[in-house]
Amino acid sequence: MSSSRRLVLSRSATLIAAASTGLLLPEIVRAQGAKVRIGLMLPYTGTFAQLGVAIENGLRLAIDEQGGKLGGREIEWFKVDDESDPSKGVENATKLVQRDKVDVIIGTVHSGVQMGIHKVARDTGVLTLIPNAGVHAATRALCAPNVFRTSFTNSQPTLALGKVLVDKGLKKAVWITWKYAAGDEAFEGFKESYTKAGGTIVKELGLPFPNVEFQALLTEIAAIKPDVVVCFFAGGGAAKFIKDYAAAGLKGKIPLYGSGFLTEGVLDAAGPAADGIVTTMHYSDSLDTARNKKFRLDYAKTYKSQPDVYAVQGYDTGLLLIQGANAVKGDLSSKAALYKAMETAVIDSPRGKWTMSKAHNPVQDIYLRVVENKENKVIGVAAKALSDSGAGCKMG
Ligand code: PHB
């Protein structure tokens with residue numbers, strides 16, 4: 001075979017590969033259809049299933065408040081259950097972009113899956129809104145002009161936690177979590193704030209996500225007898241951890257603190273075992289504002305259930321998208337104007353007003369809360385207008 005023919009063959013093979021995955025194309029240009037195509041990539045099964053549902057509910061509530069339209073255009077919805085499975089992240093996001101030709105991806109919950117979405121978002125340029133997953137890279141070293149987060153970075157809630165503990169005289173901590181990006185990065189925030197305030201982490205414990213065999217680790221904690229146990233867990237696993245902690249006889253002996261996800265969406269399932277748990281989070285059920293009260297009432301009426309932080313994040317994702325779409329009158333292909341509107345948006349959220357950092361992550365207050373009678377009650381502000389460092393982010 002001549003070398004020029006080989007070159008043609010190998011080039012066309014590359015193009016076919018690019019077309020089938022879409023990953024090598026810098027941007028997918030498509031006609032502005034009549035309807036806005038929204039792709040939801042969320043967990044609808046597994047330990048984070050309820051989180052996915054709450055995010056979708058919140059998002060739809062915000063959009064329904066606009067008559068179900070975005071920038072005056074009708075919406076067509078596409079949904080993928082990502083199962084919180086990182087190994088399918090790229091494939092699932094690619095389906096939404098290539099097969100469903102979505103204008104925007106909204107996803108997801110799990111940090112590992114987010115990295116798959118993020119690869120597709122960076123390779124294709126498709127607008128992507130992150131309604132939960134806090135993985136640092138998405139708004140630090142791998143930040144991107146087309147990717148906006150409406151939730152938090154994994155270390156944001158725990159950065160507000162360390163000083164609170166030391167101020168209460170809780171100076172020796174055991175940390176426990178699922179060993180994956182969300183737990184490890186929540187630990188980073190905790191370690192930084194706790195050691196700076198003078199606390200000592202006497203032991204780090206972990207188990208693989210989404211494992212819930214806590215027994216041996218709880219026995220180890222009982223033997224160590226720290227001043228305090230601090231953790232990151234969420235969803236179904238968090239409910240089980242809270243119940244197992246009480247059943248192991250640790251409740252009332254060693255106070256349990258955590259990143260606030262521990263007590264979000266699980267208070268019915270956990271029951272009295274959750275009473276007294278103190279956490280830091282960018283939302284609290286009991287925030288005494290007209291905005292929060294109206295949101296909670298509307299959500300409860302619509303879905304016959306109580307909203308949690310995930311519902312708020314979904315709702316705020318809707319608010320951000322609405323502000324962007326209105327600024328370009330529904331023409332999401334006007335990217336410069338769309339991104340500018342989203343970058344400068346002030347989101348009037350049930351959590352309180354927040355703005356976007358340069359790296360596209362919320363600048364927000366972090367509340368100190370305690371669980372009382374199946375509610376996360378606010379007991380103070382642990383950090384005002386907390387911004388993630390955005391370390392290594394260069395837009396462009
Ligand atoms: C994450 O994987 O980033 C994650 C999952 C659930 C949470 C918070 C963070 O509640």
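See the structure printed just above.
This report concerns the structure included in the present document.

Criteria and cut-off values
- Residues numbered from 1 in each chain as written.
- Predicted model: local features only at pLDDT ≥ 70, side-chain atom pairs only at ≥ 80, totals over all residues.
- Heavy atoms only, no water.
- Helix = DSSP H or I, 4+ residues; strand = E, 2+ residues; numbered from the N terminus.
- Rg over C-alpha atoms; globule rule 2.2 N^0.38 Å.
- Buried < 20%, exposed > 50% of the residue type's maximum accessible area, 1.4 Å probe, protein only.
- Contact = heavy atoms within 4.5 Å.
- Areas by Shrake-Rupley, 256 points an atom, 1.4 Å probe, with all protein chains shown as cover.
- Lys, Arg positive; Asp, Glu negative; His and termini not counted.
- Charge placed at Lys NZ, Arg CZ, Asp CG, Glu CD.
- 1 Å grid on protein atoms, 1.4 Å probe; cavity = no way out; pocket = protein on both sides within 12 Å on 5 of 7 lines; lining within 4 Å.
- Points joined across faces, edges and corners; volume = space filled by probe spheres on them.
- Nonpolar A, V, L, I, M, F, W, Y, C, P; charged D, E, K, R; others polar.
- Pairing = 2+ DSSP bridges.
- Axes fitted to C-alpha atoms, helices over the stretch in contact; angles between N-to-C directions.
- Salt bridge = Lys/Arg side-chain N within 4 Å of Asp/Glu carboxyl O.
- Near = heavy atom within 4 Å.
- Polar contact = N/O pair within 3.5 Å; in protein donor to acceptor, adjacent residues only side chain to side chain.
- Phe/Tyr/Trp six-rings, centres within 6.5 Å; stacked < 30°, edge-to-face > 60°.
- Expected span 1.5 Å × (residues − 1).
- Domains from an automatic or database assignment.

Here the focus is the overall build of the protein. A tally of helices and strands in the protein yields 13 helices and 14 strands. The C-alpha atoms of the protein give a radius of gyration of 22 Å, which matches the 21 Å a tight globule of 396 residues would have. Projected onto its principal axes, the C-alpha positions of the protein cover 75 × 55 × 35 Å. Of all 396 residues assigned to the protein, the portion counted as buried reaches 55%. In the protein, the share of contacts with a sequence separation of at least 24, taken over all contacts with a separation of at least 6, comes to 70%. A total of about 16,000 Å² of accessible surface is found on the protein, and carbon and sulfur atoms cover 56% of it. One finds the centroid of the 48 positive side-chain charges in the protein at a distance of 3 Å from the centroid of its 39 negative side-chain charges.

By volume, the largest pocket is sized at about 450 Å³. Gly265, Asp268, Gln306, Pro307 and Asp308 are the residues nearest the centre of the largest pocket, which is lined by 21 residues in total. Secondary structure elements with two or more residues in the lining of the largest pocket: helix 2 (49-64), helix 10 (267-270), helix 11 (290-303) and strand 14 (375-386). With 4 residues, the single largest contributor to the lining of the largest pocket is helix 2. For the lining of the largest pocket, a count of residues per class yields 7 nonpolar, 7 polar and 7 charged.

Pairing between the strands of a sheet is mediated by backbone hydrogen bonds and can be parallel or antiparallel. With parallel pairing, 5 strands are arranged side by side in an open sheet as 2-1-3-4-5. On the outer flanks of this sheet lie strand 2 (75-81) and strand 5 (147-149), each paired with one strand and no other. With direction set aside, neighbouring strand axes in the sheet form an average angle of 20°. When strand 3 (residues 104-106) meets strand 4 (residues 127-130), the two strands line up parallel, connected through 3 bridges. Bridge pairing links Ile105 to Thr128 in strand 4. In the packing of helix 3 (residues 89-99) onto the sheet, contacts are made with strand 1 (36-42), strand 2 and strand 3, and the angle to strand 1 comes to roughly 165°.

Once that is clear, we can look at unusual backbone geometry. Looking along the chain, the bond that leaves Gly107 and enters Thr108 is cis, with omega of 0°. Within the secondary structure, Thr108 is located in the loop between strand 3 and helix 4 (111-124). At the junction of Phe209 and Pro210, the peptide bond is cis and its omega measures out at 0° in the coordinates. Its place among the elements puts Pro210 in the loop between strand 7 (200-207) and helix 8 (215-224). Phi angles above zero are rare outside glycine, and Lys101 is one such case at about 50°. Note on placement: Lys101 falls in the loop between helix 3 and strand 3.

Proximity of charged atoms lets side chains of opposite charge pair with each other. Summed over the entire model, instances satisfying the criterion amount to 23 salt bridges. Asp285 serves as the salt-bridge partner of Arg296, at 3.5 Å between the closest nitrogen and oxygen. One end of the pair, Arg296, is in helix 11; the other, Asp285, is in the loop between strand 10 (278-281) and helix 11, with 11 residues separating them in the sequence. Taking relative accessible area as the criterion, Asp285 reaches 8% and is therefore assigned buried. The network of salt bridges with common partners includes Glu56, Arg60 and Lys79.

As a further point, take the site of the ligand. Taken together, 15 residues sit near the ligand, with Val109, Ser111, Gly134, Tyr180 and Tyr310 positioned nearest. A distance of 3.1 Å is found between an oxygen atom of the ligand and a backbone nitrogen or oxygen belonging to Gly134. At 3.5 Å from an oxygen atom of the ligand is found a side-chain nitrogen or oxygen belonging to Asn154. Here the ligand loses 100% of its free accessible area of 280 Å² to cover by the protein chains.

One pass over the structure, following the stated rule, counts 19 aromatic pairs. Consider the rings of Phe148 and Tyr339, whose centres lie 6.0 Å apart with planes at 55°: the pair is tilted. Of the two residues, Phe148 is situated in strand 5 and Tyr339 in helix 13 (residues 335-343); the sequence distance between them amounts to 191 residues. With a relative accessible area of 0%, Phe148 lands in the buried category. Plain terms: the ring middles of Trp178 and Phe209 are 5.1 Å apart, the flat faces sit at 80° to each other, and that makes the pair edge-to-face.

Another aspect to go through is the pairing of strand 11 (residues 346-349). In summary, the side chains of a regular strand alternate between the two faces of the sheet. A one-sided burial pattern is seen for strand 11, the buried positions being Ile347 and Ser349 and the unburied ones Val346 and Asp348. Bridge analysis of strand 11 against strand 12 (residues 352-356) gives 4 bridges, and the strand direction is antiparallel. By the bridge assignment, Ser349 is partnered in strand 12 with Gly352. Remark: 2 residues form the turn of the hairpin made by strand 11 and strand 12, two consecutive strands paired antiparallel.

This brings us to helix 2. Counted at 1.5 Å a residue, the expected span for helix 2 with its 16 residues is 22 Å, and the 23 Å between its end C-alpha atoms agrees. The element helix 2 is largely enclosed, with a buried count of 12 among its 16 residues. Within helix 2, the full set of buried residues consists of Ala49, Leu51, Gly52, Ala54, Ile55, Glu56, Asn57, Gly58, Leu59, Leu61, Ala62 and Ile63. Lining the buried residues of helix 2 we find strand 1, strand 2, strand 3, helix 9 (235-247), helix 11 and helix 12 (309-327).

Gaps between atoms show up when a probe of the same size as a water molecule is rolled over them. Scanning the entire structure with this criterion turns up 1 cavity of 30 Å³ or more. The computed volume of the largest cavity comes to approximately 80 Å³. Residue composition of the lining of the largest cavity, by class: 11 nonpolar, 4 polar and no charged. Both domains that furnish three or more residues to the lining of the largest cavity are identified here as domain 1 (34-152 + 286-363) and domain 2 (156-281).

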